[in-house]
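A look at the structure
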Amino acid sequence: MKKTLLTLVLAAGTSLSAFAWPDKPITLIVPFPPGGSTDLIARTLSGKMAEKMGAGTFVVDNKPGATGTIGASQVARAAPDGHTLLVASLGPFVIAPHLIKVNYDALKDLDPLTVVVQAPNVLVVPAASPHKSLADVIAYQKANPGKMSFASSGNGSSDHLTAELFWQQTNTSGVHVPYKGGGPVMTDLLGNQVESSFMNINTAMPQIKAGKLRALSITSAKRSPLLPDMPTLEEGGVKDANVYSWQAVAAPKGLSADIKKRLTDAIAATIKDPQVAPKLLELGFEVVLNTPEQFAAYQAAEYSRWQKLITSRNIKAD
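Cut-offs used in this document
Residues numbered from 1 in each chain as written. Predicted model: local features only at pLDDT ≥ 70, side-chain atom pairs only at ≥ 80, totals over all residues. Heavy atoms only, no water. Helix = DSSP H or I, 4+ residues; strand = E, 2+ residues; numbered from the N terminus. Expected span 1.5 Å × (residues − 1). Buried < 20%, exposed > 50% of the residue type's maximum accessible area, 1.4 Å probe, protein only. Polar contact = N/O pair within 3.5 Å; in protein donor to acceptor, adjacent residues only side chain to side chain. Pairing = 2+ DSSP bridges. Contact = heavy atoms within 4.5 Å. Core = buried A, V, L, I, M, F, W, Y, C linked by side-chain atoms within 4.5 Å.

1. Notes on helix α6 (residues 158–170)
Given 3.6 residues per helical turn, the α-helix brings residues three or four places apart onto the same face. Taking 1.5 Å per residue as the helical rise, α6 with its 13 residues ought to reach 18 Å, and the 18 Å between its terminal C-alpha atoms agrees with that figure. Counted residue by residue, α6 has eleven buried out of 13 residues, so it is predominantly covered. Among all positions in α6, only S158, D159, H160, L161, T162, A163, E164, L165, F166, W167 and T170 are buried. A positive backbone phi angle near 55° is found at N171, which sits one or two residues after α6.

Structure representation (structure tokens):
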């Protein structure tokens, strides 16, 4: 009888403990300035997750700096109680640790929850460019090695690494022109100051639609519904060149299974909401929503992939 009573008390205590969470605001740390894709995803989640969970208050806290690793480090050091989460792009998860010194282990100090969305990059040139196709660009680079300029939003950025991967896989070379952010890249592309860029589809689409940029190829595994006539790099003969800029959610290592499930369920319900999903698709995001186990495996594969490229191409941080 005593054992049965103790079991009931312990079960009730566990239930009450789970029910009590969250008992304070849940902070979504975004390791980049407001206004970018990561910030957009975080604010989309913060606007509806409480409703989907039936509890809690969500607050977005922008902690930019050191290519996203300052905010990531803060989350890695936080208590694994479900009240602090990281919403970040692939940078602090799989790229930055190979470029700069960081005080966290991206594969060991964070509990992956889910990759929320992903977006491919698009090879774009100014509308006045003589290059009309991916084949034109490859042929030009083979005939003129090291001459065609490729702009990026910075050393080690997704657009930079895509260009390096492109050169590696086509046995060609160009001139990398790093900028501090995507805004200046767009300005100089439109002004014909640089010849090309592997720009994120979210950023490029408005100017492609306006006829100011010409899209030549896309880095996705299959064609995008936003650019159905645009061939992929794979279709153009560039192998192993699928690249996505992805946005994911993680927690400090050690998050309990019940809280993890409540969070991932709420994230999925938010992104699948009829008011949210169509808007994300219009912006060029592909919904992923993989499991924590799938995210962990994907992160490990991406971590290794970019480490090899950064080492083989001798890529350095700004």
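2. Brief notes about the side chain of S157
Residue position: S157 is located in the loop between β5 (149–152) and α6. Looking at S157, its side chain comes within polar contact range of the side chain of D159, at 2.4 Å.

3. A short note on the pairing of strand β4 (residues 110–126)
In terms of residue burial, β4 counts as a mostly covered element, since 17 of its 17 residues are buried. Sheet topology note: the β4/strand β9 (residues 244–252) ladder contains nine bridges and is antiparallel. Each bridged residue has a counterpart across the sheet, and for L110 the counterpart in β9 is P252. Both β4 and strand β8 (residues 213–218) contribute to a ladder of five bridges, which runs antiparallel. Considered in β8, the bridge of V122 is made with I218.

4. Re the side chain of D111
Mapped onto the secondary structure, D111 falls in strand β4. Taking relative accessible area as the criterion, D111 reaches 7% and is therefore assigned buried. Those residues in contact with D111 that lie beyond four places of it in its chain are A250, A251, P252, K253, G254, L255 and K260.

5. Examining the environment of Q294
Here Q294 shows up in helix α11 (residues 292–312). Taking the relative accessible area as the measure of exposure, Q294 reaches 45% and is therefore partly exposed. Taking the C-alpha atoms as reference points, Q294 and M199, 95 residues apart in sequence, are found 27 Å from one another. Among the polar contacts made by the side chain of Q294, one reaches the main-chain amide nitrogen of T291 at a distance of 2.9 Å.

6. Looking at unusual backbone geometry
Of note, the bond from W21 into P22 is cis; its omega dihedral lies within 30 degrees of zero at -5°. Here P22 lies in the loop between α1 (2–20) and β1 (26–30). Look at D240: it is not a glycine, yet its phi comes out positive at around 55°. The residue D240 is located in the loop between β8 and β9 in this model.

7. Thoughts on the nonpolar core
Ranked by internal contacts, the top residues of the largest apolar core, which has 48 residues, are V124, I208 and L263. Setting aside anything within four residues of it in sequence, one finds I208 in contact with V122, V124, L213, A215 and L227.

None of the figures reported here should be taken as evidence of function without further support.
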